[in-house]
Amino acid sequence: MRRRIVWASVVGFFAATAMATARFFLPRSIFEPSSVFRIGFPSDYALGVDTKFQQQQRIWVVKNTERLFVIYARCTHLGCTPDWKASENKFKCPCHGSGYDSEGVNFEGPAPRPMDRAAVEIDAEGQIVVNTGKLYKWENGTPAPGEFDEEGAYLPV
Ligand code: FES
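Since this is a predicted model, take the numbers as computed values, not measurements.

A. Here's a closer look at the packing of aromatic side chains. Scanning the model with the defined rule gives 3 aromatic pairs in all. Arranged with centres 4.2 Å apart and planes meeting at 35°, the rings of Trp60 and Phe91 form a pair that is tilted. A residue pair is termed long-range when its members are at least 10 positions apart, and Trp60 in strand β3 (residues 59-63) and Phe91 in strand β6 (residues 90-92) qualify at 31 residues. Ring centres 6.1 Å apart and planes at 85° place the aromatic pair Trp138 and Phe148 in the edge-to-face group. With Trp138 in the loop between β10 (128-136) and β11 (155-156) and Phe148 in the loop between β10 and β11, this residue pair connects regions lying 10 residues apart in the sequence. An aromatic cluster is defined as three or more aromatic residues linked by ring pairs; in this entry it consists of Trp60, Trp84 and Phe91. Sitting over the ring of Tyr154, Arg67 keeps its end group 3.6 Å from the ring centre.

This is how it looks when you write it as structure tokens:
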């Protein structure tokens, strides 16, 4: 009986070691949402900032009288996700206090530049397709408005 227990312990030890080794070498998959997705029709959006995709896709949809564009919700200081403060009409980063206006342009705190904008286009059905894998930037020190006027950075409305 004692011999069986010793053998079971030895086999168990080697099995656990083999499983831990296999797990170390096998890739771990992490769920990441697709970077290309549809967000409905331009007419679905009122003027102003729409936050309904913030949790799911980390974006805000902004519509003004001329354009619809999508801000990628990542602070340009160290990457936290700012909050939209509707009562103050600004985005505020909870990490170090950077503030951005309603179009994502920085005006206070340590953020060095405006937040990036995701590529947008209209598909065959007329829906807005967002691609957060392609971002338009306004780099620090470059003339206004950086890449924000490029085709694909916004949709005319
Ligand atoms: S990460 Fe936003 S202010 Fe530092």
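There's plenty left to go through after this.
B. Examining the sheet that holds strand β5 (residues 83-85) more closely. Ordered in space as β5-β6-β7-β8, the 4 strands form an open sheet in which the pairing is antiparallel. The open sheet terminates on both sides in strands that have one partner only, identified here as β5 and β8 (106-108). Two strands pair when backbone bridges link them, and β6 and strand β7 (residues 99-100) are joined in this way by 2 bridges, in the antiparallel orientation. The partner of Lys92 across the bridge, within β7, is Gly99.

C. Inspection of the pairing of β3 at higher detail. By the criterion of burial, β3 is predominantly enclosed, with 5 of the 5 residues buried. Every second residue of β3 is oriented toward a common face, with Ile59, Val61 and Lys63 on one face and Trp60 and Val62 on the other, all of them buried. With 3 bridges joining them, strand β2 (residues 48-50) and β3 adopt antiparallel strand pairing. By the bridge assignment for β3, Val49 is matched with Val62. From the end of β3 to the start of strand β4 (residues 67-72), which pair antiparallel, there are 3 residues.

D. Focus on the pairing of strand β9 (residues 117-122). Sheet topology places β4 next to β9; 2 bridges connect them, and they run antiparallel. Residue pairing across strands places Ile71 opposite Arg117, the latter belonging to β9. The pairing of β9 with β10 spans 6 bridges and is antiparallel. Its bridge partner lying in β10, Val120 is registered against Val130.

Reading the values: the criteria
Residues take numbers from 1 onward in each chain, read along the sequence in its written order. Given that the model is predicted, a residue must reach a pLDDT of at least 70 before its local features are reported, and side-chain atom pairs must reach 80 or more before they are shown or counted; all residues, however, enter totals for whole chains, interfaces and linings. Side-chain measures were taken over the full set of non-hydrogen atoms in the model, leaving aside hydrogen atoms and water. Side-chain rings of Phe, Tyr and Trp, where Trp is taken by its six-membered ring, are said to pair if the distance between their centres is within 6.5 Å; with planes under 30 degrees apart they count as stacked, over 60 as edge-to-face, and otherwise as tilted. To qualify as a helix, a DSSP run of H or I must reach at least 4 residues; to qualify as a strand, a run of E must reach at least 2; elements of each kind are numbered from the N terminus. A ring has a charge above it when a Lys NZ or an Arg CZ is no more than 6 Å from the ring centre and no more than 35 degrees off the ring normal. Should DSSP find at least two bridges between two strands, the strands are regarded as paired. The classification of residues rests on relative accessible area computed with a 1.4 Å probe and restricted to protein chains. Under 20% of the type maximum is buried, over 50% is exposed, and intermediate values are partly exposed.

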